Amino acid sequence: FELELDMEIDVSMDLSQSTMGHREGMYRMSKMFAVAGEQTDIPTTIYGWEGFGKTGHYALKERTSNDLSQLDSIFQLPGGGTPTAEGIAFARARLSKSKASFKLLPIITDGQPSGGSNAVEKAAEQVRLARAEGISVLGFGFKGVSAKAMDNVFGSGKWVDIDRYEEAAEVV
């Protein structure tokens, strides 16, 4: 049956060095978002980010394409720091241009932003700005993330701690 869903999804992934142990789950979760988007005709973009000083942004799936071959590259990316604010700002800038009535920004991370003493505050400000622009932001943290950091960035009750990527479908 036909679904009339006026929405867009922009998955933003922390590809810092500390996520290496979670890359399989991140890969599966992002692929789940991509396939669900394809099957429901929901434009879905998947980007990753990492870096120290200069943030690297990696296009893993563009909204206009169903090519998932770039998702495999998350296993080869070496990772750097966790510039969460920059990653969210980059996704926010893309998603804010969307004409969709519902915009979802899932952010997959393993915790504490890096980039100085105010890194958490900068990330939280980007989340606040996204929400003010009508973007629904949801943080996904894998088992063992810093609950305090996640609360500070996303707000209490605005993020989930998951053990397995399959849990993401239930949350969304």
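Residues numbered from 1 in each chain as written. Predicted model: local features only at pLDDT ≥ 70, side-chain atom pairs only at ≥ 80, totals over all residues. Heavy atoms only, no water.

**Focus: the sheet that holds strand 6 (residues 159–162)**
Item 1. Strand order in this open sheet of six strands is 3-2-1-4-5-6, and the pairing throughout is mixed. For this open sheet the edge positions go to strand 3 (56–61) and strand 6, each flanked by a neighbour on one side alone. Put simply, the sheet's adjacent strands are angled 20° from each other on average, direction ignored.
Item 2. The pairing of strand 1 (residues 7–14) with strand 2 (residues 44–50) spans six bridges and is classified as parallel. In the strand pairing of strand 2, Val11 is matched with Ile46. (Pairing = 2+ DSSP bridges. Helix = DSSP H or I, 4+ residues; strand = E, 2+ residues; numbered from the N terminus. Axes fitted to C-alpha atoms, helices over the stretch in contact; angles between N-to-C directions.)

**With respect to the packing of aromatic side chains**
Item 1. Tallied over the entire structure, the rule returns three aromatic pairs.
Item 2. For the ring pair Phe33 and Phe140, a centre distance of 6.3 Å and an interplane angle of 70° mean the geometry is edge-to-face. Here Phe33, found in helix 1 (residues 23–40), pairs with Phe140, found in strand 5 (residues 135–142); they are 107 residues apart in sequence, far enough to count as distant.
Item 3. Note on Phe33: relative accessible area 4%, which makes it buried.
Item 4. Overall, the relative accessible area of 0% leaves Phe140 in the buried class.
Item 5. The interplanar angle of 55° and the centroid separation of 5.4 Å between the aromatic rings of Tyr47 and Phe90 together place this pair among those described as tilted. Residue Tyr47 is found in strand 2, and its partner Phe90 is found in helix 2 (residues 84–95); the two are separated by 43 residues along the sequence.
Item 6. Tyr47 gets classed as buried once you look at its relative accessible area, which sits at 11%.
Item 7. Sitting over the ring of Tyr47, Arg94 keeps its end group 3.8 Å from the ring centre. (Phe/Tyr/Trp six-rings, centres within 6.5 Å; stacked < 30°, edge-to-face > 60°. Buried < 20%, exposed > 50% of the residue type's maximum accessible area, 1.4 Å probe, protein only. Lys NZ or Arg CZ within 6 Å of the ring centre and 35° of its normal.)

Bear in mind that shape data such as this cannot, by itself, settle questions of function.
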